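Understanding the architecture of this molecule
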Amino acid sequence: LAPLSLAQNSLWKAIPKYAKFGLNTIFNLPFVLRFLDELDEVAFGKACRDLLVRHAGLRSHFYEDNGMPYQQVIEVSELDNYKWFWTSAECDTEDRDEFLKQEAIHPFDLAKELPLRVRFIRCRETGQQFLSFLFHHIVQDEWSVNLMMDELNLAYKLRVQGKAPVWRHEALPMHEYARMQRGSGAHQKHLDYWLNNLKDVPWSTPIFPKDHSLSAKADPNGAKGGWVIVEMEDEVRDGLYALAKQQSASLFNVVYAAISAALNTLGAPNKLIVGTSASGRHDVEYYDTIGYFTTVVAHLVNFDSANTVADLVAQVKNTINDSMPYGDIPIDLIEEGLVGGTPDVDGHMFEVFIQLHAKSKFSGAFELSNGDKINFQQVDSDRSESGLGLQFEVLEETVNDEQVLRVMMSYLTENYSQAQVKLLCDTLTALFAEFARSPKGEQVLSVIKDRVIESETVE
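Here's a quick rundown of the structure. In this text the structure is predicted, and so the values were computed from the model without any measurement.

**Structural notes on the nonpolar core**
- Among the nonpolar cores identified, the biggest contains 66 residues, and Phe44, Phe133, Leu152 and Phe366 are the most heavily contacted of them.
- Among the elements that take part in this core, helix H4 (residues 142-159) stands out by supplying seven residues, more than any other.
- Once residues lying within four places of it in the same chain are set aside, the contact partners of phenylalanine 44 are Leu39, Phe85, Val118, Phe120, Leu131, Phe133, Leu152, Tyr156 and Phe366.
- Of all hydrophobic cores here, the second largest spans 54 residues; its members include Met232, Leu240, Leu272 and Ile448.

Here is the structure:
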């Protein structure tokens, strides 16, 4: 029995907040893989079990006792008492799409079942295997996902030979990190950093006012959220990479700046609060631990201090880099510190959330000892729930040995109509193209915005 870490506790506090709005599975992490080559499902199940043995967080229960949340590790000897893995032979439906959709919204009972489900289904038409990889967010973050795929690669290679993996060193358990962090307490100097930087900045509201010309009433019986993909042409992608290189910035810095500029073009305030994620891993000893370390933090984008594209990219880069040492403080503690208690509003202080998914290992191959490969690709999952007003996920991927850059935008249907979503996508596309036109970033932001607004008015 152990307490939750600060990041886990922040997520735990948010579960009932979202459940109040019917978002009961908002913290599900559904991943779908399509296998292009035949996979030994039984061996894969054994490889997954190897990871559950290695990482105690994946075999833990989460529950409250006298109002306090705890995590409790299940002993390895008890693992076989839980059903968390199914082969395609155990799948009792042939409707693949409906199966994957329903699996993605499975409501975890964290006090009684393991926080993951691994299920296969075989496509009736092609015979290809599809894998539903479902986790509760409280045990998994993006760092952990890529770590998990590397370890599965090793474990599967050995399991198909009838061997068990031998790990080079032990992975420290998540609950021990939580104990250590709780024993140290929240770092007050780190909290003060956020409070000083965000002092007196008003909490964000939806980008468009309620009386916006494209507003429409949300269907109370419809989906809570939706999502769209903004694809980038090759020349735009290459231009953004060139801009990043010229400005000594990351691709994420550039795309983050372009998204912010697009929103400002559509009416977002000149002092825009943007939520983003920080790895939360400040202790090198836990770099090999699968668990939820990620924190949500908030940054201020100040357009009053940015005249050109280069100015804005530099501001975003410096803000993110300067904040990294303080990323162990989750957003709930920042918000509570700013208002001197529990905020009396729903949602967070930011309307906009931007995060990077760089080179996810959910598309790739398992390499076998004889040199053969089992190739797989990630399939975009349905996003029928959204707990954030506007969420932008920057997807940097390699598909068929070619670099692909996309942005997935999720949105709350009560805040954004379909017409507004189209306007957002068109404006994003236009701003990405404008940013990509010159690697020196000398374009004046006000000129770019006027040009985009004028083009949209003409249309």
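Read on, since the account is not over.
**Quick look at the sheet that holds strand E4 (residues 68-73)**
- With respect to topology, three strands assemble into an open sheet ordered E1-E4-E3, the strand pairing being antiparallel. The sheet is open, and its two edges are formed by strand E1 (2-3) and strand E3 (60-65), each paired on a single side.
- As paired elements, E3 and E4 share six bridges and run antiparallel to each other. Across the sheet, the residue bridging to tyrosine 63 is tyrosine 70, located in E4.
- The strands that helix H1 (residues 6-19) touches are E3 and E4; relative to E3, the one it contacts most, it runs at about 65 degrees.

**Thoughts on the pattern of salt bridges**
- Evaluated as defined, the whole model comprises 21 salt bridges.
- A salt bridge links arginine 122 to glutamate 41; its shortest N-O distance comes to 3.9 Å. A residue pair is termed long-range when its members are at least 10 positions apart, and arginine 122 in strand E6 (residues 116-122) and glutamate 41 in helix H2 (residues 41-54) qualify at 81 residues.
- Of the residues examined, glutamate 41 reaches a relative accessible area of 8% and is grouped as buried.
- For the salt bridge of lysine 83 with glutamate 90, the shortest nitrogen-to-oxygen distance reads 2.8 Å.
- According to the relative accessible area criterion, glutamate 90 is partly exposed, its value standing at 38%.
- One continuous salt-bridge network, built from bridges that share partners, spans Lys13, Asp332 and Glu336.

**Remarks on the packing of helix H7 (residues 234-246) against helix H8 (residues 251-265)**
- Viewed as axis vectors pointing N to C, H7 and H8 meet at an angle of 110 degrees, and their least axial separation amounts to 8 Å. The angle between the axes of H7 and H8 places the two elements in the roughly perpendicular class. Along this stretch, H7 crosses H8, giving a crossing that reads as right-handed. Counting all contacts with H7, which are made through Leu240, Tyr241, Leu243 and Ala244, the residues of H8 involved are Leu251, Val254 and Val255.
- Within the contact of H7 with H8, the residues separate by chemical class into seven nonpolar, no polar and no charged.

What counts, and at which threshold
- Residue positions within a chain follow its written sequence, with the count starting from 1.
- Totals for whole chains, interfaces and linings use all residues, but because this is a predicted model, local features are given only for residues with pLDDT of at least 70 and pairs of side-chain atoms are given and counted only at 80 or more.
- By convention in this description, side-chain values take in all heavy atoms of the structure and omit both hydrogens and water.
- Nonpolar cores were defined as sets of buried Ala, Val, Leu, Ile, Met, Phe, Trp, Tyr and Cys residues, with membership established by side-chain atoms within 4.5 Å.
- The cut-offs for exposure are 20% and 50% of the maximum accessible area for each residue type, with area from a 1.4 Å probe on protein chains only; residues under the lower value are buried, those over the upper are exposed, and the others partly exposed.
- Secondary structure elements follow DSSP: runs of H or I no shorter than four residues count as helices, runs of E no shorter than two count as strands, and numbering proceeds from the N terminus.
- By definition, residues are in contact when any of their heavy atoms lie within 4.5 Å.
- Note: two strands are recorded as paired if DSSP finds a minimum of 2 bridges between them.
- Each axis is a line fitted through C-alpha atoms, and for a helix only the stretch in contact is used; angles between axes span 0 to 180 degrees, taken between their N-to-C directions.
- In what follows, salt bridge is the name for a side-chain nitrogen of Lys or Arg lying within 4 Å of a carboxyl oxygen of Asp or Glu.
- Here the word oblique covers every angle except those under 35 degrees (roughly parallel), over 145 (roughly antiparallel) and from 65 to 115 (roughly perpendicular).
- Crossings are sorted by hand: turned counterclockwise from the far helix by less than a right angle, the near helix makes the crossing left-handed, and turned clockwise it makes it right-handed.
- Residue type decides the class: Asp, Glu, Lys and Arg count as charged, Ala, Val, Leu, Ile, Met, Phe, Trp, Tyr, Cys and Pro as nonpolar, and the leftover types, Gly among them, as polar.

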